[in-house]
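# Per-entry structural report
Listed below, chain by chain, are the residues.
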Amino acid sequence: MFVRRIAVIGSGYVGLTTGACLASLGHRVVCADVDERKVARLSGGEVPILEPGLPDLVAQGLAAGRLKFVVGAAAAVADAEVVFLCVPTPMGAGGAADLSAVEAVAAEVHALLPAGCVVVNKSTVPVGTAARTAQLLGRPDVAVVSNPEFLREGSAVEDFLNPDRIVVGCDAQDAAERVAALYARLGAPTVLTDAASAEMVKYAANCFLAMKLSYVNAIAELCERFGADVLDVTEGIGYDRRIGQAFLQPGPGWGGSCLPKDTHALLQVCAAADFDFSLLQASLDTNTHQQHRMVAKVRDAVGGSLAGQRIGLLGLTFKAGTDDLRDSPALTVAALLAAEGADLIGYDPGVPAAVPGMTDDLQVTDDPLKVASGAAALVVLTEWPEFRLLDWGQLAELVQRRVVIDTRNLLDADVLRRVGFEVRGIGRRATRALTTF
Ligand code: UGA
């Protein structure tokens, strides 16, 4: 395997994972960030995000001298053969991707890039951005490659090192092959294509996942109406290999820093291209409906009005295993509950205290017992496994009303029923014995 000198611009969630994993594959990696404090912490082996396996990889990379952190893109690219752009592309005005960070880096490094190096875009960017980046760089000797990431927060290292596929797109085949070779040790299926197709793969994948989740959330609602059980239904369809078991769990709506951003961004470019992607729009609308439906379930459980009711929330992050609150459906549901006058207290194992961006109407505690104290209902919003292991007998003594709305179908309803709780899940059949033959 060729060992390459790699620069990674942006040491956030994607950049840091990419840098540490590429170093673990043997490459020499310099990660850059604009945040001096973050660079100092990372240089000392301190990883600022909750991501299993990442601290170990960073420590190993630092100790082996294969991983380094520097302030500013200019300091990183000097002798790089491959430069990864891993800067944020947040949702800008009207839902379109905001590319100002990509543009700023291009402006900063265009004159500093070593002759013949390859620039790789890992950020999720609209189709055409590789071509636009090449234009901004104005360096005919530097190829721009699209190599989208498919990492999930909470399992990013595992996803990087055991990918389902590697996608590399460039209009110059040799540059695409050079980037694909960086991952050779992983032995993953590799799709070599043009830049526009690689950029499209990322949107097509995330939007498909969003659609799949909205579909299953709608099926869960239908199950409730018709007395079917969504767990059996998803098991039944998931064995079909064309469908698969993954990404079939209903929830309070899908969220996070990627799926909402990418669905909005694709819809935005569709609108600009006069293309009516009604299937994708419907997925987004279904998601909004799902969040409102969760509120209706809570309202219903407390007798019809949320005004002045103490509601205890279990889980605030957008999924378990992360401390990330960005676009968390739990917080959207919380804001909707607060808007109807509910008095909210929340607990999340990944969020020990209130942090900026959280709704002001939500008190955060590090003690699940406080969440239960005097609650008219408890609501599970994130699928943290530890919620199953709470002392439900003790919680039953503390709540005002023994009802749990389990928007993740996480809890063992039998355990809770034994201590007097009523459990209302998503798409679950009311308990009744099945006929046996
Ligand atoms: C997502 C994609 O899964 C990654 O492949 C992609 O690389 C990443 O976006 C990105 O673009 O960077 P992530 O945002 O970490 O990853 O989160 P997911 O695991 O996809 O979960 C998204 C949302 O769907 C969460 O709110 C989660 O709770 C929800 N979900 C997921 C369900 O409600 N049910 C499921 O069965 C699975």
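Residues numbered from 1 in each chain as written. Predicted model: local features only at pLDDT ≥ 70, side-chain atom pairs only at ≥ 80, totals over all residues. Heavy atoms only, no water.

The next point concerns the overall build of the protein chain. When helices and strands are tallied, the protein chain shows 16 helices and 14 strands. In terms of C-alpha radius of gyration, the protein chain reaches 24 Å, essentially the compact-globule figure of 22 Å for 437 residues. When its C-alpha atoms are laid out on the principal axes, the protein chain stretches across 70 × 45 × 45 Å. By the burial criterion, 52% of the 437 residues in the protein chain qualify as buried. At a minimum sequence separation of 6, the contacts of the protein chain that also span at least 24 residues come to 72%. Counting only carbon and sulfur atoms, one obtains 54% of the accessible surface of the protein chain, whose full area is about 19200 Å². Distance from the positive charge centre (38 side chains) to the negative charge centre (51 side chains) of the protein chain: 4 Å. (Helix = DSSP H or I, 4+ residues; strand = E, 2+ residues; numbered from the N terminus. Rg over C-alpha atoms; globule rule 2.2 N^0.38 Å. Buried < 20%, exposed > 50% of the residue type's maximum accessible area, 1.4 Å probe, protein only. Contact = heavy atoms within 4.5 Å. Areas by Shrake-Rupley, 256 points an atom, 1.4 Å probe, with all protein chains shown as cover. Lys, Arg positive; Asp, Glu negative; His and termini not counted. Charge placed at Lys NZ, Arg CZ, Asp CG, Glu CD.)

Turning to the domain arrangement of the protein chain, a few remarks are in order. Domains assigned within the protein chain are domain 1 (5-193), domain 2 (203-286) and domain 3 (290-424). Using C-alpha coordinates to define each centre, domain 1 is positioned 38 Å away from domain 3. Counting residues at the interface gives five residues for domain 1 and eight residues for domain 3. The junction of domain 1 with domain 3 conceals about 530 Å² of combined surface from both sides, 43% of it contributed by carbon and sulfur atoms. At the junction of domain 1 with domain 3, the criterion picks out one salt bridge. Across the salt bridge formed by Arg-326 and Glu-153, the nearest N and O atoms sit 3.5 Å from each other. Counting every contact that joins domain 1 to domain 3 gives three residue pairs in polar contact (both at pLDDT 80 or more). (Domains from an automatic or database assignment. Buried area = accessible area lost by both parts, 1.4 Å probe. Salt bridge = Lys/Arg side-chain N within 4 Å of Asp/Glu carboxyl O. Polar contact = N/O pair within 3.5 Å; in protein donor to acceptor, adjacent residues only side chain to side chain.)

Turning next to the pairing of strand β5 (residues 118-121). Burial along β5 is two-sided: the face carrying Val-118 and Val-120 and the face carrying Val-119 and Asn-121 are both buried. Alignment of strand β4 (residues 82-85) against β5, held across four bridges, turns out to be parallel. Looking across to β5, one finds that Phe-84 is bridged to Val-120. Handedness of the crossover is the feature at issue here: the chain leaves β4, passes through helix α5 (residues 100-109), returns alongside β5, and the resulting connection is right-handed. (Pairing = 2+ DSSP bridges. Right-handed = clockwise from strand over helix to strand, strands pointing away.)

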